[in-house]
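A closer look at the structure
The residues making up each chain are set out below.
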Amino acid sequence: MTKKYISIGLFFVLIFAAIQSKSDYNLLNIFNKRGVQVIENTTYQEECGACHFDYQPGLLPERSWKKLMTNDELLNHFGEDVSFDDSSTANKIIKYLTLNAADKSSYNRSKKISRSLPSHQSPLRITNTPYIKRKHHGISKELITQQSVGSLSNCTACHNNAHKGDYDDDSVTIPNIKAGLISIELNTQKDGYVGIVKSTNESFKIISTKISSNLSVKKLCRVVSFKGNDEFSVRTYCKIKGGFWH
Ligand code: HEC
Ligand code: HEC
(Lines give C-alpha, C1' and ligand atoms only; values in the text may rest on other atoms or scores of the structure.)
(Ligands and ions follow the chains in the order given, each with its own letter.)
Protein backbone atom coordinates (compact mmCIF):
# COMPACT_ATOMS: atom_id res chain seq x y z
CA MET A 1 0.00 0.00 0.00
CA THR A 2 2.51 2.63 1.14
CA LYS A 3 4.86 1.46 -1.58
CA LYS A 4 2.21 2.32 -4.15
CA TYR A 5 1.79 5.84 -2.74
CA ILE A 6 5.52 6.36 -2.70
CA SER A 7 5.81 5.47 -6.37
CA ILE A 8 2.85 7.68 -7.30
CA GLY A 9 4.44 10.49 -5.30
CA LEU A 10 7.76 9.90 -6.97
CA PHE A 11 6.09 10.01 -10.36
CA PHE A 12 4.73 13.51 -9.67
CA VAL A 13 8.02 14.71 -8.23
CA LEU A 14 9.75 13.62 -11.42
CA ILE A 15 7.21 15.38 -13.65
CA PHE A 16 7.50 18.53 -11.57
CA ALA A 17 11.31 18.39 -11.78
CA ALA A 18 11.13 17.95 -15.54
CA ILE A 19 8.95 21.03 -15.90
CA GLN A 20 11.14 23.02 -13.53
CA SER A 21 14.34 22.16 -15.34
CA LYS A 22 12.98 23.81 -18.45
CA SER A 23 11.16 26.59 -16.68
CA ASP A 24 14.00 29.10 -16.85
CA TYR A 25 13.40 29.45 -20.51
CA ASN A 26 10.02 28.01 -21.27
CA LEU A 27 7.58 28.87 -18.51
CA LEU A 28 9.00 32.31 -17.88
CA ASN A 29 9.11 33.15 -21.53
CA ILE A 30 5.63 31.97 -22.36
CA PHE A 31 4.20 34.55 -20.02
CA ASN A 32 6.87 37.18 -20.28
CA LYS A 33 9.16 37.03 -23.27
CA ARG A 34 11.80 39.40 -22.08
CA GLY A 35 15.09 39.91 -23.83
CA VAL A 36 15.81 38.07 -27.05
CA GLN A 37 15.47 34.38 -27.84
CA VAL A 38 18.50 32.28 -26.93
CA ILE A 39 20.45 30.50 -29.65
CA GLU A 40 19.70 26.87 -30.31
CA ASN A 41 21.62 26.19 -33.49
CA THR A 42 25.10 24.71 -33.38
CA THR A 43 25.89 25.39 -37.04
CA TYR A 44 25.26 29.08 -36.51
CA GLN A 45 27.20 29.09 -33.24
CA GLU A 46 30.21 27.38 -34.76
CA GLU A 47 30.33 29.42 -37.97
CA CYS A 48 29.29 32.83 -36.72
CA GLY A 49 30.60 32.66 -33.18
CA ALA A 50 34.20 31.97 -34.17
CA CYS A 51 35.43 35.57 -34.17
CA HIS A 52 32.91 37.33 -31.99
CA PHE A 53 29.95 36.74 -29.72
CA ASP A 54 27.29 34.81 -31.60
CA TYR A 55 24.71 37.56 -31.88
CA GLN A 56 21.15 36.30 -31.47
CA PRO A 57 19.08 36.45 -34.69
CA GLY A 58 16.53 38.55 -32.78
CA LEU A 59 18.93 41.48 -32.73
CA LEU A 60 18.41 42.39 -36.42
CA PRO A 61 15.46 42.23 -38.80
CA GLU A 62 15.22 39.64 -41.56
CA ARG A 63 16.16 42.12 -44.29
CA SER A 64 19.46 42.89 -42.51
CA TRP A 65 20.41 39.23 -42.13
CA LYS A 66 19.55 38.55 -45.77
CA LYS A 67 21.81 41.37 -46.86
CA LEU A 68 24.61 40.36 -44.51
CA MET A 69 24.47 36.79 -45.86
CA THR A 70 24.74 37.69 -49.54
CA ASN A 71 27.91 36.46 -51.16
CA ASP A 72 29.25 39.97 -51.73
CA GLU A 73 28.86 40.86 -48.10
CA LEU A 74 30.34 37.57 -46.87
CA LEU A 75 33.42 38.11 -49.04
CA ASN A 76 34.03 41.36 -47.25
CA HIS A 77 32.47 41.03 -43.82
CA PHE A 78 33.81 44.07 -41.96
CA GLY A 79 37.15 43.47 -43.61
CA GLU A 80 37.11 39.66 -43.28
CA ASP A 81 36.35 36.99 -45.87
CA VAL A 82 33.77 34.76 -44.18
CA SER A 83 32.28 33.25 -47.33
CA PHE A 84 31.26 29.58 -47.31
CA ASP A 85 32.69 26.84 -49.51
CA ASP A 86 29.59 24.83 -49.07
CA SER A 87 26.29 26.48 -49.85
CA SER A 88 24.25 24.08 -47.72
CA THR A 89 25.90 25.43 -44.55
CA ALA A 90 25.24 28.98 -45.66
CA ASN A 91 21.62 28.13 -46.44
CA LYS A 92 21.12 26.53 -43.05
CA ILE A 93 22.38 29.68 -41.38
CA ILE A 94 20.29 31.98 -43.57
CA LYS A 95 17.21 29.95 -42.78
CA TYR A 96 17.90 30.03 -39.06
CA LEU A 97 18.60 33.78 -39.04
CA THR A 98 15.60 34.79 -41.09
CA LEU A 99 13.12 32.57 -39.24
CA ASN A 100 14.21 34.01 -35.91
CA ALA A 101 14.88 37.61 -36.94
CA ALA A 102 13.81 40.57 -34.80
CA ASP A 103 10.77 41.38 -36.95
CA LYS A 104 9.57 37.76 -36.67
CA SER A 105 10.10 37.49 -32.94
CA SER A 106 7.65 37.76 -30.08
CA TYR A 107 10.42 38.70 -27.62
CA ASN A 108 10.20 42.21 -26.21
CA ARG A 109 13.71 43.36 -26.94
CA SER A 110 13.54 42.15 -30.53
CA LYS A 111 10.26 43.96 -31.07
CA LYS A 112 11.79 47.18 -29.80
CA ILE A 113 14.80 46.89 -32.09
CA SER A 114 12.58 46.12 -35.04
CA ARG A 115 10.11 48.93 -34.33
CA SER A 116 12.88 51.52 -33.99
CA LEU A 117 14.02 50.88 -37.54
CA PRO A 118 12.45 52.58 -40.59
CA SER A 119 11.35 49.90 -43.05
CA HIS A 120 13.65 51.09 -45.83
CA GLN A 121 16.76 50.64 -43.68
CA SER A 122 18.67 47.35 -43.40
CA PRO A 123 21.72 48.04 -41.24
CA LEU A 124 24.38 45.35 -41.12
CA ARG A 125 25.21 46.32 -37.58
CA ILE A 126 23.07 45.83 -34.49
CA THR A 127 24.93 48.81 -33.12
CA ASN A 128 23.51 50.93 -35.98
CA THR A 129 19.88 50.30 -35.12
CA PRO A 130 18.22 53.37 -33.55
CA TYR A 131 17.11 51.49 -30.41
CA ILE A 132 20.57 50.10 -29.62
CA LYS A 133 22.21 53.42 -30.48
CA ARG A 134 19.88 55.29 -28.16
CA LYS A 135 20.44 52.83 -25.29
CA HIS A 136 24.21 53.39 -25.41
CA HIS A 137 24.18 57.07 -26.17
CA GLY A 138 25.37 58.09 -22.72
CA ILE A 139 28.42 55.81 -22.48
CA SER A 140 31.62 57.77 -22.99
CA LYS A 141 33.86 56.92 -25.91
CA GLU A 142 36.76 56.20 -23.59
CA LEU A 143 34.84 53.43 -21.83
CA ILE A 144 33.89 51.83 -25.14
CA THR A 145 37.27 51.96 -26.84
CA GLN A 146 39.27 50.84 -23.77
CA GLN A 147 41.28 47.65 -24.13
CA SER A 148 38.86 45.39 -22.28
CA VAL A 149 35.90 46.40 -24.46
CA GLY A 150 37.19 47.60 -27.84
CA SER A 151 33.92 48.49 -29.50
CA LEU A 152 30.21 48.50 -28.83
CA SER A 153 29.95 45.33 -30.92
CA ASN A 154 31.53 43.44 -28.02
CA CYS A 155 28.23 43.00 -26.13
CA THR A 156 29.61 40.41 -23.70
CA ALA A 157 32.26 42.77 -22.36
CA CYS A 158 29.50 44.61 -20.49
CA HIS A 159 26.34 42.49 -20.62
CA ASN A 160 27.04 39.60 -18.26
CA ASN A 161 23.98 37.62 -19.37
CA ALA A 162 24.12 38.40 -23.10
CA HIS A 163 24.43 34.72 -24.02
CA LYS A 164 21.11 34.12 -22.24
CA GLY A 165 19.47 36.76 -24.40
CA ASP A 166 19.25 39.04 -21.35
CA TYR A 167 20.41 42.62 -21.95
CA ASP A 168 18.69 44.16 -18.93
CA ASP A 169 20.44 47.16 -17.50
CA ASP A 170 20.63 45.44 -14.10
CA SER A 171 23.06 42.83 -15.43
CA VAL A 172 25.48 45.31 -17.03
CA THR A 173 28.92 46.11 -15.72
CA ILE A 174 31.12 48.39 -17.75
CA PRO A 175 34.75 47.43 -17.06
CA ASN A 176 36.84 50.08 -15.32
CA ILE A 177 33.88 52.36 -15.02
CA LYS A 178 35.34 54.17 -12.04
CA ALA A 179 38.60 54.86 -13.81
CA GLY A 180 36.57 56.11 -16.76
CA LEU A 181 34.48 58.39 -14.59
CA ILE A 182 37.50 60.07 -13.01
CA SER A 183 39.90 59.86 -15.96
CA ILE A 184 39.90 63.61 -16.56
CA GLU A 185 40.95 64.24 -12.98
CA LEU A 186 43.53 61.44 -13.12
CA ASN A 187 44.98 63.09 -16.21
CA THR A 188 45.04 66.66 -14.94
CA GLN A 189 44.90 66.99 -11.15
CA LYS A 190 47.71 67.00 -8.62
CA ASP A 191 48.13 64.75 -5.59
CA GLY A 192 45.80 65.79 -2.81
CA TYR A 193 42.96 66.63 -5.21
CA VAL A 194 39.51 65.83 -3.81
CA GLY A 195 36.51 65.34 -6.09
CA ILE A 196 33.21 63.56 -6.51
CA VAL A 197 32.67 60.54 -8.76
CA LYS A 198 29.93 61.56 -11.13
CA SER A 199 26.88 59.29 -10.94
CA THR A 200 27.94 57.33 -7.84
CA ASN A 201 28.38 60.40 -5.61
CA GLU A 202 31.35 58.89 -3.79
CA SER A 203 34.08 61.31 -2.90
CA PHE A 204 37.61 60.49 -3.97
CA LYS A 205 41.07 61.74 -3.25
CA ILE A 206 44.19 61.35 -5.37
CA ILE A 207 46.77 60.25 -2.81
CA SER A 208 50.01 59.78 -4.69
CA THR A 209 51.65 59.36 -8.08
CA LYS A 210 54.51 57.21 -9.27
CA ILE A 211 56.08 55.86 -12.40
CA SER A 212 56.21 52.08 -12.50
CA SER A 213 58.36 50.38 -15.07
CA ASN A 214 58.67 46.69 -15.60
CA LEU A 215 60.81 45.56 -18.51
CA SER A 216 60.46 48.21 -21.17
CA VAL A 217 56.90 49.35 -20.39
CA LYS A 218 56.61 52.54 -18.39
CA LYS A 219 53.36 53.25 -16.64
CA LEU A 220 52.05 56.22 -14.78
CA CYS A 221 50.25 55.10 -11.62
CA ARG A 222 48.06 57.01 -9.23
CA VAL A 223 46.72 55.84 -5.89
CA VAL A 224 43.17 56.97 -5.20
CA SER A 225 40.94 56.57 -2.16
CA PHE A 226 37.15 56.44 -2.38
CA LYS A 227 34.64 57.18 0.33
CA GLY A 228 31.03 56.16 -0.23
CA ASN A 229 28.13 55.92 2.21
CA ASP A 230 29.37 52.87 4.03
CA GLU A 231 32.57 51.97 2.23
CA PHE A 232 36.12 53.15 2.10
CA SER A 233 38.49 51.75 -0.49
CA VAL A 234 41.85 52.46 -2.04
CA ARG A 235 42.77 51.63 -5.63
CA THR A 236 45.74 52.11 -7.87
CA TYR A 237 45.16 53.09 -11.49
CA CYS A 238 47.91 52.86 -14.06
CA LYS A 239 48.19 53.73 -17.72
CA ILE A 240 50.72 53.68 -20.46
CA LYS A 241 51.36 56.87 -22.39
CA GLY A 242 48.28 57.77 -24.41
CA GLY A 243 46.40 54.79 -22.94
CA PHE A 244 43.44 54.27 -20.68
CA TRP A 245 43.49 54.10 -16.89
CA HIS A 246 43.04 50.57 -15.58
C1 HEC B 1 36.71 35.80 -39.47
C2 HEC B 1 36.02 36.42 -38.37
C3 HEC B 1 34.50 36.58 -38.44
C4 HEC B 1 33.57 35.58 -38.67
C5 HEC B 1 33.79 34.09 -38.94
C6 HEC B 1 32.28 36.25 -38.60
N7 HEC B 1 32.43 37.57 -38.30
FE8 HEC B 1 30.92 38.88 -37.95
N9 HEC B 1 32.29 40.36 -37.62
C10 HEC B 1 33.66 40.22 -37.72
C11 HEC B 1 34.29 41.51 -37.48
C12 HEC B 1 35.79 41.80 -37.51
C13 HEC B 1 33.24 42.43 -37.21
C14 HEC B 1 33.36 43.90 -36.85
C15 HEC B 1 33.53 44.01 -35.33
C16 HEC B 1 33.75 45.42 -34.80
O17 HEC B 1 33.49 46.38 -35.50
O18 HEC B 1 34.15 45.51 -33.64
C19 HEC B 1 32.00 41.66 -37.30
C20 HEC B 1 30.75 42.20 -37.07
C21 HEC B 1 29.57 41.52 -37.19
C22 HEC B 1 28.25 42.10 -36.97
C23 HEC B 1 27.96 43.53 -36.56
C24 HEC B 1 28.09 43.73 -35.06
C25 HEC B 1 27.65 45.14 -34.66
O26 HEC B 1 28.51 46.02 -34.63
O27 HEC B 1 26.47 45.34 -34.39
C28 HEC B 1 27.33 41.13 -37.22
C29 HEC B 1 25.82 41.25 -37.11
C30 HEC B 1 28.07 39.93 -37.59
N31 HEC B 1 29.42 40.20 -37.55
C32 HEC B 1 27.48 38.73 -37.94
C33 HEC B 1 28.18 37.61 -38.35
C34 HEC B 1 27.56 36.41 -38.89
C35 HEC B 1 26.08 36.22 -39.09
C36 HEC B 1 28.57 35.53 -39.15
C37 HEC B 1 28.46 34.14 -39.74
C38 HEC B 1 28.01 34.08 -41.10
C39 HEC B 1 29.83 36.18 -38.78
N40 HEC B 1 29.55 37.44 -38.31
C41 HEC B 1 31.08 35.59 -38.85
C42 HEC B 1 34.34 39.05 -37.97
C43 HEC B 1 33.77 37.82 -38.22
C1 HEC C 1 30.63 49.41 -22.98
C2 HEC C 1 29.67 48.46 -22.44
C3 HEC C 1 28.54 47.97 -23.33
C4 HEC C 1 28.63 47.27 -24.52
C5 HEC C 1 29.89 46.85 -25.25
C6 HEC C 1 27.26 47.01 -24.93
N7 HEC C 1 26.40 47.54 -24.03
FE8 HEC C 1 24.37 47.41 -24.09
N9 HEC C 1 24.25 48.61 -22.46
C10 HEC C 1 25.30 49.05 -21.69
C11 HEC C 1 24.80 49.87 -20.59
C12 HEC C 1 25.63 50.55 -19.50
C13 HEC C 1 23.39 49.88 -20.72
C14 HEC C 1 22.37 50.56 -19.82
C15 HEC C 1 22.09 51.92 -20.38
C16 HEC C 1 21.02 52.65 -19.60
O17 HEC C 1 20.07 51.99 -19.18
O18 HEC C 1 21.16 53.86 -19.45
C19 HEC C 1 23.08 49.09 -21.91
C20 HEC C 1 21.80 48.87 -22.38
C21 HEC C 1 21.47 47.97 -23.37
C22 HEC C 1 20.12 47.61 -23.73
C23 HEC C 1 18.85 48.15 -23.08
C24 HEC C 1 18.72 47.55 -21.68
C25 HEC C 1 17.57 48.11 -20.89
O26 HEC C 1 17.33 47.55 -19.77
O27 HEC C 1 16.92 49.06 -21.32
C28 HEC C 1 20.21 46.66 -24.72
C29 HEC C 1 19.07 45.95 -25.41
C30 HEC C 1 21.62 46.48 -25.00
N31 HEC C 1 22.35 47.28 -24.16
C32 HEC C 1 22.12 45.61 -25.96
C33 HEC C 1 23.45 45.54 -26.32
C34 HEC C 1 23.96 44.75 -27.43
C35 HEC C 1 23.09 43.86 -28.31
C36 HEC C 1 25.30 44.97 -27.48
C37 HEC C 1 26.29 44.43 -28.49
C38 HEC C 1 25.94 44.61 -29.89
C39 HEC C 1 25.65 45.89 -26.38
N40 HEC C 1 24.50 46.20 -25.71
C41 HEC C 1 26.93 46.32 -26.09
C42 HEC C 1 26.64 48.78 -21.92
C43 HEC C 1 27.14 48.14 -23.02
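A brief structural summary. Just so you know, these numbers come straight off a predicted model, no measurement behind them. (Residues numbered from 1 in each chain as written. Chains lettered and ligands numbered in written order. Predicted model: local features only at pLDDT ≥ 70, side-chain atom pairs only at ≥ 80, totals over all residues.)

1. Quick notes on the overall build of the protein
A count of helical and extended segments in the protein gives 11 helices and 4 strands. Looking at the 246 residues of the protein, the share that counts as buried comes to 20%. Looking at the protein alone, contacts between residues at least 24 apart form 46% of all its contacts between residues at least 6 apart. (Helix = DSSP H or I, 4+ residues; strand = E, 2+ residues; numbered from the N terminus. Buried ≥ 20, exposed ≤ 12 C-beta atoms within 10 Å, placed from the backbone. Contact = placed C-beta atoms within 7 Å.)

2. Brief notes about the environment of Leu186
Looking at where Leu186 falls in the secondary structure, it is placed in helix 11 (residues 183–188). Since 20 C-beta atoms lie within 10 Å of it, Leu186 is described here as buried. In the structure, Leu186 is positioned 52 residues away from Cys238 in sequence and 9.7 Å away in space, judged by C-alpha atoms. Those residues in contact with Leu186, other than ones at most four positions away along the chain, are Arg222, Tyr237 and Trp245.

3. As for the site of ligand 2
For ligand 2, the set of nearby residues contains 24 residues, the closest of which are Lys135, Cys155, Cys158, Tyr167 and Asp169. Of the residues assigned to the shell around ligand 2, the class counts are 14 nonpolar, 6 polar and 4 charged. (Near = placed C-beta within 6 Å. Nonpolar A, V, L, I, M, F, W, Y, C, P; charged D, E, K, R; others polar.)

4. Brief notes about the sheet that holds strand 3 (residues 217–227)
Hydrogen bonds between backbone atoms are what pair the strands of a sheet, whose relative direction is either parallel or antiparallel. The sheet built from 4 strands is open, its strands ordered 1-2-3-4 with antiparallel pairing. Every other strand in the sheet has two partners, leaving strand 1 (194–196) and strand 4 (232–239) as the edge strands with one partner each. Direction aside, neighbouring strands of the sheet carry axes that sit 35 degrees apart on average. Here 3 bridges tie strand 1 to strand 2 (residues 203–214), and the two strands are oriented antiparallel to one another. Following the sheet pairing, Val194 is matched in strand 2 by Lys205. (Pairing = 2+ DSSP bridges. Axes fitted to C-alpha atoms, helices over the stretch in contact; angles between N-to-C directions.)

5. Observations concerning helix 7 (residues 108–115)
Three or more residues of helix 7 are buried, namely Arg109, Ser110, Ile113 and Ser114. In an axial view of helix 7, the angular spread of the buried residues amounts to 135 degrees, which keeps them on one side of the axis. Against the buried residues of helix 7 lie helix 8 (130–135). (Arc of directions from axis to C-beta.)

6. A closer look at the pairing of strand 3
As paired elements, strand 2 and strand 3 share 11 bridges and run antiparallel to each other. The partner of Ile206 across the bridge, within strand 3, is Val224. Where strand 2 folds back on strand 3, the antiparallel hairpin that results is connected by 2 residues, among which Leu215 adopts a positive phi of roughly 55 degrees. Pairing of strand 3 with strand 4, which is carried by 8 bridges, proceeds in the antiparallel orientation. Counted as the bridge partner of Arg222 is Tyr237 from strand 4.

7. Quick look at unusual backbone geometry
The backbone of Phe78 shows a phi angle near 50 degrees, a positive value even though the residue is not glycine. As for its placement among the helices and strands, Phe78 is situated in the loop between helix 5 (71–75) and helix 6 (87–99). According to the C-beta neighbour criterion, Phe78 is exposed, with 12 such atoms within 10 Å. Unlike most non-glycine residues, Asn176 shows phi in positive territory, near 55 degrees. Along the chain, the position of Asn176 falls in the loop between helix 9 (141–145) and helix 10 (177–181).

8. Describing the site of ligand 1
Around ligand 1, the structure places 17 residues, and the nearest of them are Cys48, Cys51, Phe78, Ile126 and Ser153. Residues that form the shell around ligand 1 fall into these classes: 9 nonpolar, 5 polar and 3 charged.

9. Here's the deal with the environment of Arg109
The residue Arg109 is located in helix 7 in this model. Classification of Arg109 as buried rests on a count of 23 C-beta atoms within 10 Å. Every residue in contact with Arg109, bar those within four places of it in the chain, is listed here: Gly35, Val36 and Tyr167.

10. Topic: the environment of Leu143
With respect to the element layout, Leu143 can be found in helix 9. Separated by 36 residues in sequence, Leu143 and Ala179 have C-alpha atoms that sit 9.0 Å apart.

11. A short note on the nonpolar core
Among the nonpolar cores identified, the biggest contains 17 residues, and Leu59, Leu60, Trp65, Ala101, Ala102 and Ile113 are the most heavily contacted of them. Looking at this core, the elements that each hand over two or more residues are helix 3 (42–48), helix 4 (62–68) and helix 6. In this structure Leu59 touches Val36, Ala102, Ile113 and Ile126, once residues within four positions along its chain are discounted. (Core = buried A, V, L, I, M, F, W, Y, C linked by C-beta atoms within 7 Å.)

Nothing here speaks to function; it is all geometry.
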